[in-house]
Amino acid sequence: MMRVYLDNNATTPLHPELKKNITELFTDFFGNPSSIHWAGREAREKIEEARLNVAKFLNAKESEILFTGSGTESANLAIKGIAFSHKEKGNHIISTKVEHPCVLNTLKYLESVGFNVTYLPVDEKGQIDPEDVERAIKKETILISVMYANNETGTILPIREIGEVARKHGIYFHSDMVQAMGKCRIDLSQLNVDLASFSGHKSYAPKGVGLLYIREGVGPLEPLIHGGHQERGLRSGTENTIGIVALGIVASILVKEIEDDIKKMERLRSKIVSGLLEALDGVILNGDQKNRLPNTVNLSFEGVDSQSLVLLLDSYGIAVSSGAACSSGSGSFSHVLTAMGLSPDVIRGAIRISVGKFNTDEEIDYALSIIPSAVKKLKKGK
Ligand SMILES: Cc1ncc(COP(=O)(O)O)c(C=O)c1O
């Protein structure tokens, strides 16, 4: 049976270039990057080379890149870091209802220790209006946190415009950009963000490495982890050299390949969507169909339970997702589709297909030979 992975927003396969380098990565750079002898220096050099490659890919300065352990950690550090170090200025934060749990639960925690949070609503496409952000600003507002692209629907939010609002009012702006890396050409110098979170495993690097962009001059940030002062004292703990070096290698490849990757992902996604619309009645496309990631489609099949569909497709070797990548399995309704005001039936029937740079036409053909009959089978069985 063919195995087809169409869940690249949950995580991505390792870039084959890393597989080639894996033995070297695991054996040659074992030194502690803080040691001053040859072994430490070699590891340090590799980390700094990775920082440079990542900075080039994001069009940022090396000094603006901080390595962490995950996208979740980056978002925690950005949000709690600013909140705790600026609490004398104010205790109000603005965000949206459609953020990933790594932002929403961090904000919930901050509410429990005295901060106030405004969660902006979205429209039926999952979009927010920068004017709503401006209207929500109070004199106590110290931070705005809005995601770049939604992981469930692929909807891209108006980050540059929100950043302009934040700048006009002198408020720090963090964006969870985890879903952007590997799917979009990113130019941080143009986005008006002060802090941005990224994750290695969403862009063909291994799990266990993330990064936080901190624009020059932004801060101070209260660290989450105290210890040996690694990463400018903002993320103590001996560095994950292997993960960081791997992320640097991937960044140096993506910088050359991203335009072609975008075209390929758009083509494959469009092939899936037109194939399904042709084969089935009652298909609903969720999210913004214009401003969106090139790889993601979220669609509902009327009268079908998405969990059953995901399991049935899995039995044919096809991996897609129902609900959010990181919280599927929790059995709860998608907070993103709920915030968009979709009906319970549409939400119940929603699946997310997310292609990646390594998917092929053969894989999409196979998926299209299975998904319509699987949907019909579940509809009949009702
Ligand atoms: C938008 C978004 N932010 C943050 C994360 C968390 O990233 P990580 O798994 O590296 O903690 C995810 C993971 O699905 C995500 O999709």
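Preceding block: the structure.
What counts, and where the lines are drawn
In this numbering scheme, every chain counts its residues from 1 along its sequence in written order. Only residues with pLDDT of at least 70 are given local features in this predicted model, and only at 80 or more are side-chain atom pairs given and counted; all residues enter the totals for whole chains, interfaces and linings. Side-chain numbers here rest on the full set of heavy atoms in the structure, without hydrogens or water. Side-chain rings of Phe, Tyr and Trp, where Trp is taken by its six-membered ring, are said to pair if the distance between their centres is within 6.5 Å; with planes under 30 degrees apart they count as stacked, over 60 as edge-to-face, and otherwise as tilted. Secondary structure elements are defined from DSSP: runs of H or I of at least 4 residues count as helices, runs of E of at least 2 residues count as strands, and each element is numbered from the N terminus. Using a 1.4 Å probe on the protein chains alone, a residue whose accessible area is under 20% of its type maximum counts as buried, one over 50% counts as exposed, and one in between counts as partly exposed. A ring has a charge above it when a Lys NZ or an Arg CZ is no more than 6 Å from the ring centre and no more than 35 degrees off the ring normal. Note on contacts: a residue pair qualifies if any of its non-hydrogen atoms lie within 4.5 Å across the two residues. In this text, buried Ala, Val, Leu, Ile, Met, Phe, Trp, Tyr and Cys residues form a nonpolar core when linked through side-chain atoms within 4.5 Å. A domain assignment, automatic or from a database, supplies the domain bounds used here.

Chemist: Explain the packing of aromatic side chains to me, please; I cannot follow it from the model alone.
Modeler: By convention here, two paired aromatic rings are described through the distance between centres and the angle between planes. Tallied over the entire structure, the rule returns three aromatic pairs. Ring plane angle 70° and centroid distance 6.0 Å describe the contact between phenylalanine 84 and phenylalanine 115, whose orientation is recorded as edge-to-face. Of the two residues, phenylalanine 84 sits in helix H3 (residues 71-85) while phenylalanine 115 sits in the loop between helix H4 (101-112) and strand S4 (116-120), which places them 31 residues apart along the sequence. Here phenylalanine 84 falls in the partly exposed class, since its relative accessible area comes to 25%. For the ring pair tyrosine 204 and phenylalanine 358, a centre distance of 5.3 Å and an interplane angle of 80° mean the geometry is edge-to-face. In this pair, tyrosine 204 is assigned in the loop between strand S7 (195-199) and strand S8 (210-214) and phenylalanine 358 in the loop between strand S12 (350-354) and helix H11 (361-380), connecting sequence segments 154 residues apart. Taking relative accessible area as the criterion, tyrosine 204 reaches 2% and is therefore assigned buried. The side chain of lysine 80 reaches across the aromatic face of tyrosine 109, ending 5.2 Å from its centre.

Chemist: What exactly am I supposed to notice about the environment of asparagine 291 here?
Modeler: Tracing the sequence through the fold places asparagine 291 in the loop between strand S9 (283-286) and strand S10 (296-301). Classification of asparagine 291 as partly exposed rests on a relative accessible area of 38%. Distance in space between the C-alpha atoms of asparagine 291 and threonine 155 is 6.0 Å, their sequence separation being 136 residues. Contact partners of asparagine 291, with chain neighbours within four places excluded, come to Gln127, Gly154, Thr155 and Ile156.

Chemist: I tried to follow the nonpolar core on my own but got confused; where do I start?
Modeler: Soluble, globular proteins show a tendency: their nonpolar side chains are buried together. Leu58, Ile144, Leu188 and Phe198 are the most contacted members of the largest nonpolar core, which totals 62 residues. With nine residues, the single largest contributor to this core is helix H7 (residues 241-279). If you count residues domain by domain, this core takes at least three from each of domain 1 (4-12 + 259-380) and domain 2 (16-253). The residues touching leucine 188, leaving out its near neighbours within four places in the chain, are Leu58, Asn59, Ala60, Met177, Val193, Ala196, Phe198 and Tyr213. In this structure, Ile272, Leu276, Ile318 and Val375 belong to the second largest nonpolar core, which totals 29 residues.

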